[in-house]
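Residue-level structural notes
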Amino acid sequence: MASNEPAVEQSFFIDSKFQFDINSVEGAPFKPFEKRLNLGYQAAPIWVRMRIVPSLDSSAANDGTQQMILRVGPHDADLIEVYEFDRGQWQIQTIGDMFPQKEKSCADDYYCVNLRESASPSTIIYLKIQTTNFLILDTDVVTLENLAAVTGNRIKRIFISLTLASVLLAIGVFWVVKYQSSMTVCFAGVQASIFVYLLSIYGFPSIWFPSWSPVLLDALPHVMFILRSFFSILTIFVVVKSYCDSRFYVAMVYAILVICVLNCALFFTDYKNFSIRLNLVIFSIYPAIHIFGVAKSKGMIKNVRILFFVSFFLFYVVLLPTVVGGLFFSLFNGFVGPIQNISDWRLNGLMVGAVIFLLIKFEEEHREKLKAEELNQIRIDRIEADSYAALLSDRNTMIDLLTHDLKNPLGTITFASRALKEQLQDNQTATQKLRHIDQCVNRMNSLIEHVAVSARLDRYESLPSVMISPAAELIEELTETYTDQSRFHVKVEANAVFTADREMLTVIFGNLINNAYKYGHAGGDVAITVKPTGSASPADSIVTVPTATETDWVCFEISNAVGTFGMPDQDRVFERYYRHPNSMAVPGMGLGLSLVKAAAAKIGASVDFRHARDTVTFTVRVPN
């Protein structure tokens, strides 16, 4: 086949001053080049001169199979004008993605132009190229006989590229359905943008959608490339952010994502060329941002960290030379690296897909491990909870037995003490000792009651109450056992009722009344007020008014003047075992108010304390 191909000599010239046309360009200083012309980004027109010398076999053939075909690629060149001299004047054929062909001579993504036959031993043609894209021009002249073989190799590469991209896209969609994680969604976005990007640079949209405007077809690959960068940044960020707490890293990622969005809009303005170059800058610097994030990460899986560093290293080895060579073409004298152009068949997302596949594999394995550890911990916690519940049940059973067994002898002691008092009424010494015994019995009995109440509170389960307790009846029941009834000044509104658990109300109000009677000023008044209201307390109260309607709450308030024991510590008043230093001589263990607080919590009530001058006030709001 090679013996039948024409010989081609090529040279180029950059018209940086826009001063040449086809009639004057012959005298321009052309420079020779081989098959591929690498010029990076050039705003000025590029002229290519091709001297074509047909082979001896092709010049002798008359069957039409030796028709010469000019092949020009890649597909994303905006405008290519082909000049041939025929019949005393230059003939022009226009190709490029801004001028889609109605009928394609080539089956692949290259542009093909049928050259005119010439009787001379050699033919000179000129190409005038103008594009905003990265220009790596591939030109060749083949005979019609060999065109199928030449395009077949290119089609094979395109097929491999699109097949890999479509398979990876299918895997991405499958992962989205299976894992439903943000990482898999981002990966599917990467693969979708890559797949559409490849279709557009190979020219399929112009074939499938002939009604689309050339401007839209030209913009499609660039927009997809921007989206590819956007989703690639997001995919890696989703993984790294769970390990990296660096605000600077997060700010850089958000900033470059915003730049991607703005760059997408910028492409459709007069700054299209700047947008294309900016996208390459984004594409080249975002791995460096993620390298910083990985370096700042803590607790990252070892395999994930190694994968990141290896993939970033390969990225810069394979792709960065091409990007830098394109952006700074004049400095590097045409060096472009392993990837020759953006339509390279290897840019199919395979490398990205392999990295994301391993990331998901490592992350899912880590999550499964964490889930297994969490389940094991739940089992351990359940065993411990069951063990604690068993111990608590044993403790409560023991408390019930002890309170029962202790109360029986205390009752016997009390009965015997009363009998002795009647028999020894005239013996003052014996009477004094019996009175001391009664005090000790009462103290022990009070302690047993507190322990029993505390045990009941631990076992209490809140249930909806349907029992109505009139407030007046409950307060009367709790105060009638006290010897000096004149100290109580009770004011209960007629419609005040409680629907909360009566046993818990007895614990709350009983302890508050007992404390006020025992620790208040000797002979001083104990004021008790009950009213169905949620109105605010006095200005000096520390109580926060509940956000409920007035009929939803019943307010119990008890106040008394401070006695000789002094003002209690406001911060410790509900603390278990707390007692004022001056009250140590009075029987008690400091459990009463802590039981009040615990019982109130069981029924959803609030208990507050305030003091003003020499008066202390406890306020209980009970929900109905």
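Residues numbered from 1 in each chain as written. Predicted model: local features only at pLDDT ≥ 70, side-chain atom pairs only at ≥ 80, totals over all residues. Heavy atoms only, no water.

The subject of this paragraph is the overall build of the chain. Tallying secondary structure elements over the chain gives 15 helices and 17 strands in all. Excluding contacts between residues fewer than 6 apart, the proportion of contacts in the chain whose partners are at least 24 apart in sequence is 75%. (Helix = DSSP H or I, 4+ residues; strand = E, 2+ residues; numbered from the N terminus. Contact = heavy atoms within 4.5 Å.)

The next thing to look at is the state of the cysteines. One pass over the structure, following the stated rule, counts 0 disulfides. Summary of cysteine pairing: Cys 264 is not part of a disulfide, and the nearest cysteine sulfur, belonging to Cys 260, is at 9.2 Å. (Disulfide = S-S within 2.5 Å.)

This part is about the pattern of salt bridges. In total, this model carries 9 salt bridges according to the counting rule given. The residue Arg 116 makes a salt bridge to Glu 84 at a minimum N-O spacing of 3.2 Å. Remark: Glu 84 occurs in strand E6 (residues 79-86) and Arg 116 occurs in the loop between strand E8 (111-114) and strand E9 (123-130); sequence separation between them is 32 residues. The shortest N-O distance in the salt bridge between Glu 473 and Arg 502 comes to 3.8 Å. (Salt bridge = Lys/Arg side-chain N within 4 Å of Asp/Glu carboxyl O.)

Further remarks concern the packing of aromatic side chains. One pass over the full model with this rule turns up 26 aromatic pairs. Taking the centre distance of 6.2 Å and the plane angle of 70° together, the rings of Phe 283 and Tyr 286 count as edge-to-face. Note that Phe 283 and Tyr 286 are positioned in helix H7 (residues 272-295) at a spacing of 3 residues, about one turn of the helix. Note on Phe 283: relative accessible area 7%, which makes it buried. (Phe/Tyr/Trp six-rings, centres within 6.5 Å; stacked < 30°, edge-to-face > 60°. Buried < 20%, exposed > 50% of the residue type's maximum accessible area, 1.4 Å probe, protein only.)

Right, let's talk about the pairing of E9 for a bit. For E9, the tally of buried residues reaches 6 of 8 residues, placing the bulk of the element in the interior. Bridge count for E6 against E9 is 6 bridges, and the pairing is antiparallel. For Ile 80, the partnering residue across the bridge sits in E9 and is Ile 129. (Pairing = 2+ DSSP bridges.)

Time to look at H7. For an α-helix, the turn length of 3.6 residues means that residues three or four places apart are oriented alike. For H7, spanning 24 residues, the distance from its first C-alpha to its last is 35 Å, which sits close to the expected 34 Å at 1.5 Å a residue. Along H7, the largest kink reaches about 30° and is centred on Ile 285; proline Pro 287 follows within four residues of it. (Expected span 1.5 Å × (residues − 1). Bend = angle between axes of the 7 residues up to and from the residue.)

One open sheet holds the 5 strands; their spatial order is E12-E14-E15-E17-E16, and the pairing between them is mixed. Every other strand in the sheet has two partners, leaving strand E12 (488-492) and strand E16 (606-612) as the edge strands with one partner each. Across the sheet, the mean angle from the axis of one strand to that of its neighbour is 15°, orientation sign disregarded. Strands E12, strand E14 (526-531), strand E15 (553-561) and strand E17 (615-623) of the sheet are contacted by helix H14 (residues 502-519), whose axis makes an angle of about 20° with E15. (Axes fitted to C-alpha atoms, helices over the stretch in contact; angles between N-to-C directions.)

Before going further, it helps to examine the environment of Pro 6. Within the fold, Pro 6 resides in the segment before strand E1 (7-14). Separated by 116 residues in sequence, Pro 6 and Ser 122 have C-alpha atoms that sit 9.7 Å apart. Apart from the residues lying within four places of it in its own chain, the contact partners of Pro 6 are Ile 52, Val 53, Pro 54, Ser 55, Met 68, Val 141 and Thr 143.

A word on the nonpolar core. Burial of nonpolar side chains together is a common tendency in soluble globular proteins. Counting residues in each nonpolar core, the largest one holds 59 residues, and the members touching the most others are Leu 198, Ile 233, Val 240, Val 304, Phe 308 and Leu 359. For this core, the secondary structure elements donating two or more residues are helix H2 (144-179), helix H3 (182-201), helix H5 (214-240), helix H6 (247-266), H7, helix H8 (302-318) and helix H11 (350-423). In terms of residues, this core owes the most to one element, H5, which gives 14 residues. Judged by nonpolar contacts, the second largest core, of 40 residues, contains Leu 505, Leu 595, Ala 605 and Phe 618. (Core = buried A, V, L, I, M, F, W, Y, C linked by side-chain atoms within 4.5 Å.)

Where E16 and E17 come together, 7 bridges link them in antiparallel fashion. Residue Phe 609 lies in a different strand from E17, and its bridge partner there is Phe 618. Linking E16 back to E17 in an antiparallel pair, the connection comprises 2 residues, with Arg 613 at a positive phi of about 55°.

One can describe the packing of H5 onto H7 by two numbers: an axis separation of 10 Å at closest approach and a directional angle of 15°. Taken as axis vectors, H5 and H7 run roughly parallel relative to one another. The chirality of how H5 crosses H7 is left-handed. From H5, Asp 218, His 222, Phe 225, Ile 226, Ser 229, Ser 232, Ile 233, Ile 236, Phe 237 and Val 240 reach across to H7, where they touch Lys 272, Ser 275, Ile 276, Asn 279, Leu 280, Ile 282, Phe 283, Tyr 286, His 290, Gly 293 and Val 294. (Parallel < 35°, antiparallel > 145°, perpendicular 65-115°, else oblique. Left-handed = near helix turned anticlockwise from the far one by under 90°.)

Quick look at the packing of H5 against H8 now. Look at H5 against H8: their axes get within 12 Å of each other, and the N-to-C directions meet at 150°. Taken together, the axes of H5 and H8 are roughly antiparallel relative to one another. Remark: the crossing between H5 and H8 carries left-handed chirality. Contacts between H5 and H8 pair Ile 236, Val 239 and Val 240 from the former with Val 304, Phe 308 and Phe 312 from the latter.

The next thing to look at is the sheet that holds strand E5 (residues 68-73). With antiparallel pairing, 4 strands are arranged side by side in an open sheet as E3-E10-E5-E8. Since the sheet does not close on itself, it has two edges, and those belong to strand E3 (36-40) and E8, each with one partner. Each strand of the sheet is rotated relative to its neighbour by a mean of 20°, with strand direction disregarded. Where E5 meets E8, 4 bridges bridge the pair, whose relative direction is antiparallel. From the neighbouring strand, Leu 70 faces E8, where its bridge partner is Val 113. Against the sheet, H2 makes contact with E5, E8 and strand E10 (135-143), and its axis sits at roughly 135° relative to E10, the strand it touches most.

A cluster of nonpolar side chains, namely Ile 207, Trp 208, Phe 209, Trp 212 and Leu 216, defines an oily patch on the protein surface of about 500 Å² accessible area. Among the secondary structure elements, Ile 207 is positioned in helix H4 (residues 204-208). Judged by its relative accessible area of 49%, Ile 207 falls in the partly exposed class. (Patch = residues over 30% accessible without salt bridge, like charges linked within 9 Å, V, L, I, M, F, W, Y side chains within 5 Å. Areas by Shrake-Rupley, 256 points an atom, 1.4 Å probe, with all protein chains shown as cover.)

Further remarks concern the side chain of Ser 11. When you line up the elements, Ser 11 lands in strand E1. When sequence neighbours within four positions are dropped, the list of residues in contact with Ser 11 reads Phe 30, Lys 31, Pro 32, Phe 33, Trp 47, Val 48 and Arg 49.

For the rest of this paragraph, the subject is the environment of Met 98. Residue placement: Met 98 occurs in the loop between strand E7 (89-95) and E8. Separated by 18 residues in sequence, Met 98 and Ile 80 place their C-alpha atoms 9.4 Å apart. Not counting chain neighbours up to four residues away, the residues in contact with Met 98 comprise Asp 78, Pro 214, Val 215 and Asp 218.

Before going further, it helps to examine the side chain of Ser 275. Relative to the helices and strands, Ser 275 resides in helix H7. Among the residues examined, Ser 275 registers a relative accessible area of 1% and is labelled buried. Of the polar contacts made by the side chain of Ser 275, one reaches the side chain of Asn 263; its length is 2.8 Å. In contact with Ser 275, other than residues within four places in its own chain, are Ile 226, Asn 263, Leu 266 and Phe 267. (Polar contact = N/O pair within 3.5 Å; in protein donor to acceptor, adjacent residues only side chain to side chain.)

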